[in-house]
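So the chains spell out like this:
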Amino acid sequence: MAQIGSAEEVAQFIYDALQERFPDAQCELVFNSPFELLIATILSAQCTDDRVNLVTASLFAEANTPESILRLGQIALETKIRSLGLYHNKAKNILAACKELVENYNGQVPDDIESLRRLPGVGRKTANVVVSNAFGVPAIAVDTHVFRVAHRLGLAHEKTPEKVEQELMQIFPRDRWSLIHHLLIFHGRRICNARKPACVECPVNQVCKMYFEDKR
């Protein structure tokens, strides 16, 4: 492995190299409000963003507020999101979250992680996505791509998303949390994919723990 220096210097190199490679890194879910992002993120579990965007384009054209989603009801909502998989539980959680928003938040999505996590179907990853992309609060949402890439690069060693999040938050400055989240996702989707990573094309292979271990 190339000797760049401290963990912070390696993190700086990775941040700069990925930013150069993916200058357009951003949230790939299409949304026009915090509520739309919340719903899209719940729907994105075990599903691609592209597929979610196709479904939400139709869904949000008809219902894009907690009140209008509640008016749809379980059966109609399930029909609209059926192609995404896990549609029954997703619809149930979305309706419960909408009920909570209407009854306790005046129909508005809260802008803090703890309040968001109290909503049905909203875990820490979803809450981080919403506060970061809808409200501009620095956060690192650890999905499967971030988890995989962080371990392969040697940026993380813990075994749970929550602990990996803490590791990354300690390595990267707070004002870079949101962007490094997107950079790691872009890298995981386009180069460092799960089954066959394109290591030769990787802009950070010179500091990649997995790459050098595989070459031994």
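Cut-offs applied
- Residues numbered from 1 in each chain as written.
- Predicted model: local features only at pLDDT ≥ 70, side-chain atom pairs only at ≥ 80, totals over all residues.
- Heavy atoms only, no water.
- Axes fitted to C-alpha atoms, helices over the stretch in contact; angles between N-to-C directions.
- Helix = DSSP H or I, 4+ residues; strand = E, 2+ residues; numbered from the N terminus.
- Parallel < 35°, antiparallel > 145°, perpendicular 65-115°, else oblique.
- Left-handed = near helix turned anticlockwise from the far one by under 90°.
- Contact = heavy atoms within 4.5 Å.
- Nonpolar A, V, L, I, M, F, W, Y, C, P; charged D, E, K, R; others polar.
- Salt bridge = Lys/Arg side-chain N within 4 Å of Asp/Glu carboxyl O.
- Buried < 20%, exposed > 50% of the residue type's maximum accessible area, 1.4 Å probe, protein only.
- Phe/Tyr/Trp six-rings, centres within 6.5 Å; stacked < 30°, edge-to-face > 60°.
- Lys NZ or Arg CZ within 6 Å of the ring centre and 35° of its normal.
- Core = buried A, V, L, I, M, F, W, Y, C linked by side-chain atoms within 4.5 Å.
- Arc of directions from axis to C-beta.

Chemist: It is not clear to me how the packing of helix H2 (residues 34–43) against helix H3 (residues 49–62) should be interpreted in this structure. Could you clarify?
Modeler: Angle between the axes and distance between the axes are the two parameters that describe a pair of packed helices. Contact geometry for H2 and H3: axes closest at 10 Å, N-to-C directions at 135°. Judged by the angle between their axes, H2 and H3 are oblique. Crossing angle aside, the handedness with which H2 passes H3 is right-handed. The residues of H3 that touch H2, namely those facing Glu36, Ile39, Ala40 and Leu43, are Val52, Thr56, Leu59 and Phe60. Of the residues assigned to the contact of H2 with H3, the class counts are 6 nonpolar, 1 polar and 1 charged.

Chemist: Teacher, can you tell me more about the pattern of salt bridges here?
Modeler: Close approach of charged atoms allows side chains of opposite charge to pair. Following the criterion strictly, the structure yields 6 salt bridges and no others. Arg189 is the salt-bridge partner of Glu28, the closest N and O atoms lying 2.5 Å from each other. With Glu28 in the loop between helix H1 (7–21) and H2 and Arg189 in helix H10 (residues 177–190), the pair connects residues that are 161 residues apart, well separated along the chain. Classification of Glu28 by relative accessible area gives partly exposed; the value is 26%. Classification of Arg189 by relative accessible area gives partly exposed; the value is 31%. One salt bridge in this structure joins Glu165 and Arg124, with 2.8 Å as the shortest N-O distance. With Glu165 in helix H9 (residues 161–171) and Arg124 in helix H7 (residues 124–135), this residue pair connects regions lying 41 residues apart in the sequence. Both residues of the pair, Glu165 and Arg124, count as buried. Several salt bridges share partner residues, and in doing so they unite Glu28, Asp49, Arg189 and Arg190 into one network.

Chemist: Can you walk me through the packing of aromatic side chains in this structure?
Modeler: The geometry of two aromatic rings is summed up by the distance between their centres and the angle between their planes. Tallied over the full model, the rule gives 1 aromatic pair. Judged by centre distance (6.1 Å) and plane angle (65°), the ring pair of Phe22 and Phe186 falls under edge-to-face. One end of the pair, Phe22, is in the loop between H1 and H2; the other, Phe186, is in helix H10, and 164 residues separate them in sequence. In this structure Phe22 comes out as buried when scored by relative accessible area, which is 6%. Above the face of the Phe186 ring, Arg190 is positioned so that its terminal group lies 3.8 Å from the ring centre.

Chemist: Sorry, what's going on with the nonpolar core here?
Modeler: Soluble globular proteins tend to pack their nonpolar side chains together in the buried interior. Core analysis: the largest hydrophobic core is formed by 37 residues, its most contacted members being Leu59, Ile69 and Leu77. Counting residues per element, the ones that place at least two in this core are H2, H3, helix H4 (66–81), helix H5 (87–104), helix H6 (113–117) and H7. Non-local contacts of Ile69, meaning those with residues more than four positions away in its chain, are made with Phe35, Leu59, Ala63, Leu77, Ile94, Leu95 and Cys98. Grouped together as the second largest cluster of nonpolar side chains are 35 residues, Ala11, Val142, Cys208 and Tyr211 included.

Chemist: What am I meant to see in the side chain of His145 here?
Modeler: On the secondary structure map, His145 appears in helix H8 (residues 144–153). The exposure class of His145 is buried, given its relative accessible area of 19%. Once residues within four sequence positions are removed from consideration, His145 is found in contact with Ile185, Gly188 and Arg189.

Chemist: Would you mind showing me how to read H9 here?
Modeler: The periodicity of an α-helix, 3.6 residues per turn, causes residues three or four positions apart to be oriented the same way. Along H9, the positions that sit buried rather than exposed are Val164, Glu165, Glu167, Leu168 and Ile171. Buried residues of H9 fall within an arc of 160° about the axis and therefore sit on the same side.

Chemist: Where do I start with unusual backbone geometry in this structure?
Modeler: Backbone phi values are negative for most residues with the exception of glycine, while trans is the configuration of most peptide bonds. Backbone geometry at Leu86 places phi at a positive 50°, although glycine is not the residue there. Considering the arrangement of structural elements, one finds Leu86 in the loop between H4 and H5. The residue Asn106 is not glycine, and still its phi comes out positive at about 55°. Relative to the helices and strands, Asn106 is located in the loop between H5 and H6.

Chemist: Sorry, what's going on with the environment of Cys27 here?
Modeler: Relative to the helices and strands, Cys27 resides in the loop between H1 and H2. We classify Cys27 as buried; its relative accessible area is 18%. Separated by 10 residues in sequence, Cys27 and Leu37 have C-alpha atoms that sit 9.8 Å apart. For Cys27, the contacting residues outside a window of four places in its chain are Leu37, Asn133 and His182.

Structural measurements only, silent on function.
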